Amino acid sequence: MSQSLSPPLSHPVLRPLLIGVSGIAALTVSSHVALPMAPVPVTMQTLLVVLMGVVLGPRAGAAVVMAWLGLALAGAPVLAWGKAGLIAFTGPTAGYLFAFPVAAFLAGYLPKAHSVAGHGLRFAGFLGLHALILAMGGAWLAMLTTPEIALATGVVPFIAGSLLKSGLATAVIAAKGTLKG
């Protein structure tokens, strides 16, 4: 009557829980890496959102992002500058927040190939996902202000950062593939 012990991180409940908590922690840290801009801060959130989807897959990536947003809605200070609660989901940044789970889900379907073409397609996908986030965020901001103000303060200032974060996300995934062998 021998009983084999499985490694602690292979436990069917513990492993997903640790992944989820780690993802939420990473998203929270990415929120607090913020440059003050009004009405929308520059953060590293979108980088982590797309990486969640690619690394965890569409459903798990979106689930982690939604759990993080759920904590924010419940009042936990997990967003930029500790913003939380209903105000975060009705204010100028709400459109971006609503786009995050969608982007994480779609990121899970980006090409997996570790080739030059695969990395190029993945980079293009990351750019598209950043464009989706900016479009949804800008559309929401336009409802609160004007389309001109939304474009000038909620989209254009973020284009260079979106290019940079898309390149960084591509490099992270390329390095992950290189480390695997």
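Here we summarise the structure given alongside this text.

From N to C terminus, the protein chain includes seven helices and zero strands. For 181 residues, the compact-globule formula gives about 16 Å, and the C-alpha radius of gyration of the protein chain, at 18 Å, lands near that figure. With the C-alpha coordinates aligned to their principal axes, the bounding extent of the protein chain is approximately 70 × 40 × 25 Å. Counting the 181 residues in the protein chain, one finds 40% classified as buried. Within the protein chain, residue pairs in contact and separated by at least 24 positions form 68% of the contacts whose partners lie at least 6 positions apart. Accessible surface computed for the protein chain: about 9,500 Å², of which carbon and sulfur atoms make up 77%.

Here the focus is the layout of surface pockets. The volume enclosed by the largest pocket comes to roughly 160 Å³. Elements that contribute at least two residues to the lining of the largest pocket include exactly helix H1 (14–32) and helix H2 (45–56). The leading source of residues in the lining of the largest pocket is H2, at five residues. A per-class count over the lining of the largest pocket returns seven nonpolar, two polar and no charged.

This next bit is on a nonpolar patch on the surface. Among the surface-exposed residues, Leu14, Leu17, Leu18 and Val21 lie close enough to one another that they form a single nonpolar patch of about 330 Å² accessible area. In this structure, Leu18 sits in helix H1. Exposure remark for Leu18: the relative accessible area of 37% places this residue in the partly exposed category.

Here the focus is the packing of H2 against helix H5 (residues 116–144). In contact at an axis separation of 11 Å, H2 and H5 are set at 125 degrees when each is read in the N-to-C sense. Considering the angle they form, H2 stands oblique to H5. For H2 against H5, the interelement crossing comes out right-handed. For the pair H2 and H5, contact is made by Thr46, Leu47, Val50 and Val54 and by Phe126, Leu129, His130 and Ile133, respectively.

With that settled, the discussion passes to the environment of Thr46. By the element assignment, Thr46 lies in helix H2. Note on Thr46: relative accessible area 10%, which makes it buried. Along the backbone, Thr46 and Ser166 are 120 residues apart, and their C-alpha atoms lie at a distance of 9.1 Å. When near neighbours in sequence (up to four residues on either side) are disregarded, Thr46 contacts Phe100, His130, Ile133 and Lys165.

Enumeration over the complete set of coordinates arrives at four aromatic pairs. Ring centres of Phe105 and Tyr109 lie 5.4 Å apart, and the angle between their planes is 70 degrees; this geometry places the pair in the edge-to-face category. A relative accessible area of 33% places Phe105 in the partly exposed class. Look at Tyr109 and you get exposed, because its relative accessible area is 54%. By way of ring pairs, the aromatic residues Phe89, Phe98 and Trp140 are connected into one cluster.

It is worth spelling out empty space enclosed by the protein at this point. In total, this model carries one cavity of 30 Å³ or more according to the counting rule given. Taken as a whole, the largest cavity encloses approximately 270 Å³ of empty space. Looking at the lining of the largest cavity residue by residue, the class counts come to 13 nonpolar, six polar and two charged.

What follows concerns the nonpolar core. Counting 37 residues, the largest nonpolar core has Leu27, Val65, Trp68 and Phe100 as its most contacted members. Sorting the residues of this core by element identifies H1, H2, helix H3 (58–74), helix H4 (94–107), H5 and helix H7 (159–180) as the ones contributing at least two each. If we ignore the near neighbours within four places in the chain, the residues touching Leu27 are Gln45, Leu48, Val49, Met52, Val64, Val65 and Trp68.

What counts, and where the lines are drawn
- Residues numbered from 1 in each chain as written.
- Predicted model: local features only at pLDDT ≥ 70, side-chain atom pairs only at ≥ 80, totals over all residues.
- Heavy atoms only, no water.
- Helix = DSSP H or I, 4+ residues; strand = E, 2+ residues; numbered from the N terminus.
- Rg over C-alpha atoms; globule rule 2.2 N^0.38 Å.
- Buried < 20%, exposed > 50% of the residue type's maximum accessible area, 1.4 Å probe, protein only.
- Contact = heavy atoms within 4.5 Å.
- Areas by Shrake-Rupley, 256 points an atom, 1.4 Å probe, with all protein chains shown as cover.
- 1 Å grid on protein atoms, 1.4 Å probe; cavity = no way out; pocket = protein on both sides within 12 Å on 5 of 7 lines; lining within 4 Å.
- Points joined across faces, edges and corners; volume = space filled by probe spheres on them.
- Nonpolar A, V, L, I, M, F, W, Y, C, P; charged D, E, K, R; others polar.
- Patch = residues over 30% accessible without salt bridge, like charges linked within 9 Å, V, L, I, M, F, W, Y side chains within 5 Å.
- Salt bridge = Lys/Arg side-chain N within 4 Å of Asp/Glu carboxyl O.
- Axes fitted to C-alpha atoms, helices over the stretch in contact; angles between N-to-C directions.
- Parallel < 35°, antiparallel > 145°, perpendicular 65-115°, else oblique.
- Left-handed = near helix turned anticlockwise from the far one by under 90°.
- Phe/Tyr/Trp six-rings, centres within 6.5 Å; stacked < 30°, edge-to-face > 60°.
- Core = buried A, V, L, I, M, F, W, Y, C linked by side-chain atoms within 4.5 Å.

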